Amino acid sequence: FIYPVSDDVDRMIASPLKEHGILDRDQASAMLERHKDFSGSARINEWKKVYLYSGLAENILIGYGVGRYGFFSNQAAVLRDASGHNKRYWSNAHNLFIMALVEGGFVGLFLVGFSFFVLLYLLFRNILMGEGFYYSSLAVILLFQNSIEFSFWYLPFLFLFMVVVGLLMNFG
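Another point: the side chain of Arg125. Summarising the element assignment, Arg125 is placed in helix α6 (residues 96–129). What Arg125 contacts, discounting residues up to four positions off in sequence, is Leu168, Met169 and Phe171.

Shown next as structure tokens:
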């Protein structure tokens, strides 16, 4: 439904913004075409960089530090293919666990993993008791979505997730 009209709507909204130098991006149709093409997923190629983590990190226990994923991404891209590197990097991994590993090291990954298992316990406890199915479902959807996106870095998503977890803790 959206695809046939997206280019026209985008042109109508984005063209004046581009003319005044406010917006600099591809047309909507080009972006949608990239999202439909799974033959060479840039996101999966970015995730493969995590194999280089232990060789690049100064301290594998505490990682690069919060907000420094882009530095790792750039380092890994240069190391992987210096001649073909396009000098672009990703500022986040679009994956909660990879982001925790790179920015927080194995300590950060353990803390996120532990929190994940506590949440799973709450989810299963509530589902088995027949309570909070809606909130449990919402938490699962948010977790799954955050494993391929980076929504928790935006306060509204993080706040919603924290409210849902708080509600889950009150059941049972």
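With that settled, the discussion passes to the side chain of Ser73. Position of Ser73 among the secondary structure elements: in helix α5 (residues 69–80). A polar contact of 3.0 Å, which involves the side chain of Ser73, links it to the side chain of Lys49.

A word on the nonpolar core. If you look at the biggest cluster of nonpolar residues, it comprises 13 residues, and the most contacted ones within it are Tyr53, Tyr64, Tyr69, Phe72, Ile98 and Val102. Those elements that provide at least two residues to this core are α4 (53–56), α5 and α6. Counting residues per element, this core draws most heavily on α6, at four residues. Beyond its immediate chain neighbours, meaning those up to four positions away, Tyr53 contacts Asn59, Ile60, Gly63, Tyr64, Phe72, Leu101, Val102, Gly105 and Phe106. Counting eleven residues, the second largest nonpolar core, distinct from the first, contains Leu96, Leu119, Leu143 and Leu168.

A word on the packing of helix α7 (residues 133–146) against helix α8 (residues 155–170). The geometry of α7 relative to α8 is characterised by a closest axis approach of 9 Å and an angle of 145° between their N-to-C directions. For α7 against α8, the interelement crossing comes out left-handed. On α8, the residues that touch Tyr135, Ser136, Leu138, Ala139, Leu142 and Leu143 of α7 are Phe157, Leu160, Phe161, Val164, Leu167 and Leu168. Residues belonging to the contact of α7 with α8 are distributed by class as follows: eleven nonpolar, one polar and no charged.

A surface patch of nonpolar side chains, about 850 Å² in accessible area, is lined by Ile60, Leu61, Ile62, Phe106, Val107, Phe110, Leu111, Phe114 and Val118. As for its placement among the helices and strands, Leu111 is situated in helix α6.

Looking now at the packing of aromatic side chains. Applying the stated criterion to the full structure yields six aromatic pairs. When the centroid spacing of 6.2 Å and the interplanar angle of 25° are considered together, the rings of Phe110 and Phe114 count as stacked. Of this pair, Phe110 and Phe114 both sit in helix α6, four residues apart, which is roughly one turn of that helix. Judged by its relative accessible area of 56%, Phe110 falls in the exposed class.

It is 9.4 Å that separates the C-alpha atoms of Arg125 and Leu168, two residues lying 43 residues apart in sequence. Within the structure, the side chain of Arg125 is placed 3.1 Å from the backbone oxygen of Leu168, a separation counted as a polar contact.

Here we take up α7. Over its 14 residues, α7 runs 20 Å from end to end, which matches the ideal 20 Å to within 8%, given 1.5 Å per residue. For α7, the complete set of buried residues consists of Ser136, Ala139, Leu142, Leu143 and Asn146. For α7, the arc enclosing every buried residue in end-on projection is 130°, short of the 170-degree limit, so these residues lie on one face. Seen from the buried face of α7, the exposed residues on the opposite side, beyond 90 degrees, are Phe133, Tyr134, Ile141 and Phe144. Of the surrounding elements, those touching the buried residues of α7 are α6 and α8.

Once that is clear, we can look at the packing of α6 against α7. Where α6 meets α7, the closest approach of the two axes is 11 Å, and the angle between their N-to-C directions is 160°. With respect to α7, the axis of α6 lies roughly antiparallel. The element α6 and its partner α7 pack so that their crossing is left-handed. Only Phe133, Ser136, Ala139, Val140, Leu143 and Asn146 of α7 make contact with α6, whose side of the interface consists of Leu96, Phe116, Leu119, Leu123, Asn126 and Ile127. For the contact of α6 with α7, a count of residues per class yields nine nonpolar, three polar and no charged.

What counts as what
- Residues numbered from 1 in each chain as written.
- Predicted model: local features only at pLDDT ≥ 70, side-chain atom pairs only at ≥ 80, totals over all residues.
- Heavy atoms only, no water.
- Helix = DSSP H or I, 4+ residues; strand = E, 2+ residues; numbered from the N terminus.
- Contact = heavy atoms within 4.5 Å.
- Polar contact = N/O pair within 3.5 Å; in protein donor to acceptor, adjacent residues only side chain to side chain.
- Core = buried A, V, L, I, M, F, W, Y, C linked by side-chain atoms within 4.5 Å.
- Buried < 20%, exposed > 50% of the residue type's maximum accessible area, 1.4 Å probe, protein only.
- Axes fitted to C-alpha atoms, helices over the stretch in contact; angles between N-to-C directions.
- Left-handed = near helix turned anticlockwise from the far one by under 90°.
- Nonpolar A, V, L, I, M, F, W, Y, C, P; charged D, E, K, R; others polar.
- Patch = residues over 30% accessible without salt bridge, like charges linked within 9 Å, V, L, I, M, F, W, Y side chains within 5 Å.
- Areas by Shrake-Rupley, 256 points an atom, 1.4 Å probe, with all protein chains shown as cover.
- Salt bridge = Lys/Arg side-chain N within 4 Å of Asp/Glu carboxyl O.
- Phe/Tyr/Trp six-rings, centres within 6.5 Å; stacked < 30°, edge-to-face > 60°.
- Expected span 1.5 Å × (residues − 1).
- Arc of directions from axis to C-beta.
- Parallel < 35°, antiparallel > 145°, perpendicular 65-115°, else oblique.

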